[in-house]
Structures are given as structure tokens and as C-alpha cells.
Amino acid sequence: MKRLLTAGAICLLLAGCTDDGERRTPLPAVPTSGGEASALPLPSPSLPPVVVSDGCQGLITPAQVQKSTGLSVQASAGDGAAAVAQYGQAVQSLGLNAQARMCPFGNGGGDQVTIVALTFPDAAQSQKLWTTIKSLEAVGGVGEAALSDKSKTLLARRGKAIVAVYLVVAAAPEANHLSQLQSVANAALAKA
């Protein structure tokens, strides 16, 4: 008797949860096909798998990044193509058009290198975006023009391309990493 009351109470609660006004659709209390399992899958409490798509498109390899930085890194998993789309939209919001590529690398020790390349249809668009960058110091040794904080960020321009390199060296995040930033940017500019 106690089991019937519990099952009945659960059925009433479930029926109350599915009340959608005049189109009431009660949930069945027992399987309708002689106890067989439903063909519909049960909802999963786990997250869907990470989508991995290549936003780098051959711009720079892990070996080139390792050689340029001295850091043992590998390509990071994730949806690079989706991140690239965001860069393209940001450029379009400025009235410009560019092909964007993004290459994230990292390791378990916390070292990270991310390269973003924007390739414009012409050098005039590249120059227009370049003139909006104000917060970094001019440096030499890469491209036609380069700006950097000498520690974590370097932006370089050559012709119709702009490359941004973001570097985090876990052991010395605030140290001067200009030569590493320049080396990565030069490798990326060669294919941008």
C-alpha cells in the first residue's frame, strides 16, 4: 500500500509539472510497450565534447614556436575557428575586412603562446587598423613596424598583415621576453 501511494504521488507531481494549459500532456507512469526501454535517449548530465577545429590554418607550427621561445609547447585544444570568427567580426565593426587566423599553444606548466594574424585585402586597411594601436612602445627587429610591452605582447605589421603575439612564461611572467616575441612574430609574418 505504501508503495502505491508513493508511485501515485510521483505520478501526480509529474503530471503537474507537464501542465501546459488546455493542451495537457501527462507523462506515462509506466512504460507503454510491455516494459521495454524507450527508444529516446536519456538526457546526459555530462558536457558535450570540446570541439576542435583549426583556426591556425598552417600559420605556424608547434616546432616553430618551441624553437622561437625555448618553451616546450603543443597546440592547445579548442574551437580555434570560432575564436577566429570573433576577430573577423571585430575588424568588420571598424569597417575593415580581414582573414583572421589564431594559433594557441601551451603546456601543463602554464606557459602560453597565442598568435593572431590578420591578413587584409590591401596594405591601406592594415595601416588603418595599425594607427588605432596606441598603448605599446615601438620596437624594431620585426616587420615594417612593431609595438611591444617587451614582456607579454608584440604586434607587428608587414604589408597587408598584422600579427599579434601573446606570451606567458610561467617561470618569469614579467621578465623581458622581447627576443622571443620577435622570433615568433617573424615566423608568423612569413606566412601571414
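The structure under discussion appears in the preceding block.
What counts, and where the lines are drawn
- Residues numbered from 1 in each chain as written.
- Predicted model: local features only at pLDDT ≥ 70, side-chain atom pairs only at ≥ 80, totals over all residues.
- Heavy atoms only, no water.
- Helix = DSSP H or I, 4+ residues; strand = E, 2+ residues; numbered from the N terminus.
- Buried < 20%, exposed > 50% of the residue type's maximum accessible area, 1.4 Å probe, protein only.
- Contact = heavy atoms within 4.5 Å.
- Areas by Shrake-Rupley, 256 points an atom, 1.4 Å probe, with all protein chains shown as cover.
- Polar contact = N/O pair within 3.5 Å; in protein donor to acceptor, adjacent residues only side chain to side chain.
- Pairing = 2+ DSSP bridges.
- Core = buried A, V, L, I, M, F, W, Y, C linked by side-chain atoms within 4.5 Å.
- Salt bridge = Lys/Arg side-chain N within 4 Å of Asp/Glu carboxyl O.
- Axes fitted to C-alpha atoms, helices over the stretch in contact; angles between N-to-C directions.
- Parallel < 35°, antiparallel > 145°, perpendicular 65-115°, else oblique.
- Left-handed = near helix turned anticlockwise from the far one by under 90°.
- Nonpolar A, V, L, I, M, F, W, Y, C, P; charged D, E, K, R; others polar.

Let's talk about the overall build of the chain
Then, number 1: For the chain, the count of helices and strands is 5 helices and 7 strands.
Then, number 2: When the helices and strands of the chain are placed in sequence order, the string is α-α-β-α-β-β-α-β-β-β-β-α.
Then, number 3: Expressed as a percentage of its 192 residues, the buried residues of the chain come to 34%.
Then, number 4: Contacts in the chain between residues at least 24 apart in sequence constitute 60% of all its contacts with a sequence separation of at least 6.
Then, number 5: Summed over all atoms, the accessible surface of the chain reaches about 11,600 Å², with 60% contributed by carbon and sulfur.

Observations concerning the side chain of Ser-151
Then, number 1: In this fold, Ser-151 is placed in the loop between strand 5 (145-148) and strand 6 (153-158).
Then, number 2: Only 3.0 Å separates the side chain of Ser-151 from the backbone oxygen of Pro-173, close enough to count as a polar contact.
Then, number 3: At 3.3 Å, the side chain of Ser-151 and the backbone oxygen of Ala-175 are in polar contact.
Then, number 4: Not counting residues up to four positions away in its chain, the partners in contact with Ser-151 are Leu-167, Pro-173, Glu-174, Ala-175, His-177 and Leu-181.

Topic: the pairing of strand 7 (residues 161-168)
Then, number 1: Summarising burial for strand 7: 6 of the 8 residues are buried, a large majority.
Then, number 2: As paired strands, strand 3 (residues 112-119) and strand 7 are joined by 8 bridges and run antiparallel to one another. What sits directly across from Ala-117, in strand 7, is Val-163.
Then, number 3: Sheet analysis places strand 6 next to strand 7, joined by 6 bridges and oriented antiparallel. Counterpart to Ala-156 in the pairing with strand 7 is Val-163.
Then, number 4: Taking the residues between adjacent antiparallel strands as the criterion, strand 6 and strand 7 are bridged by 2 residues, where Gly-159 takes a positive phi near 60°.

Quick look at the pairing of strand 3
For a regular strand, the rule is simple: side chains alternate between the two faces of the sheet.
Then, number 1: Of all 8 residues in strand 3, 7 are buried, a share of seventy percent or more.
Then, number 2: The loop that links strand 2 (residues 99-106) with its antiparallel partner strand 3 comprises 5 residues; one of these, Gly-110, has a positive phi angle of about 100°.

Looking at the nonpolar core
Then, number 1: Of all hydrophobic cores here, the largest spans 28 residues; its most connected members are Ile-60, Phe-105, Val-113, Ile-115, Leu-154 and Val-165.
Then, number 2: When residues of this core are traced back to their parent elements, those giving at least two are strand 2, strand 3, strand 6, strand 7 and helix 5 (178-189).
Then, number 3: Here the element with the most residues in this core is helix 5; it accounts for 7 residues.
Then, number 4: If you look at the next biggest cluster of nonpolar residues, it comprises 18 residues, including Val-116, Leu-129, Leu-147 and Ala-164.

Comments concerning the pattern of salt bridges
Then, number 1: For the structure on display, the rule yields 3 salt bridges.
Then, number 2: Here Arg-157 makes a salt bridge to Glu-144, at a shortest N to O gap of 3.1 Å. Within this pair, whereas Arg-157 is found in strand 6, its partner Glu-144 is found in the loop between strand 4 (137-139) and strand 5, the two being separated by 13 residues in sequence.
Then, number 3: Given a relative accessible area of 52%, Glu-144 falls into the exposed group.
Then, number 4: For Glu-174, the salt bridge identified is with Lys-152, shortest N-O distance 2.6 Å. With Glu-174 in the loop between strand 7 and helix 5 and Lys-152 in the loop between strand 5 and strand 6, this pair connects stretches of sequence that are 22 residues apart.
Then, number 5: A relative accessible area of 28% places Lys-152 in the partly exposed class.

Focus on the packing of helix 2 (residues 62-69) against helix 5
Helix-helix packing is characterised by the crossing angle of the two axes and by the distance between the axes.
Then, number 1: Their axes nearest at 8 Å, the elements helix 2 and helix 5 cross at an angle of 150°. Our classification of the angle between helix 2 and helix 5 gives roughly antiparallel. Considering how the two elements wind past one another, helix 2 and helix 5 form a crossing that is right-handed. Contacts between helix 2 and helix 5 involve Gln-64, Ser-68 and Thr-69 from the first element and Gln-180, Ser-183, Val-184 and Ala-187 from the second.
Then, number 2: In the contact of helix 2 with helix 5, the residues fall into 2 nonpolar, 5 polar and no charged.

Read these as spatial facts, not as claims about activity.
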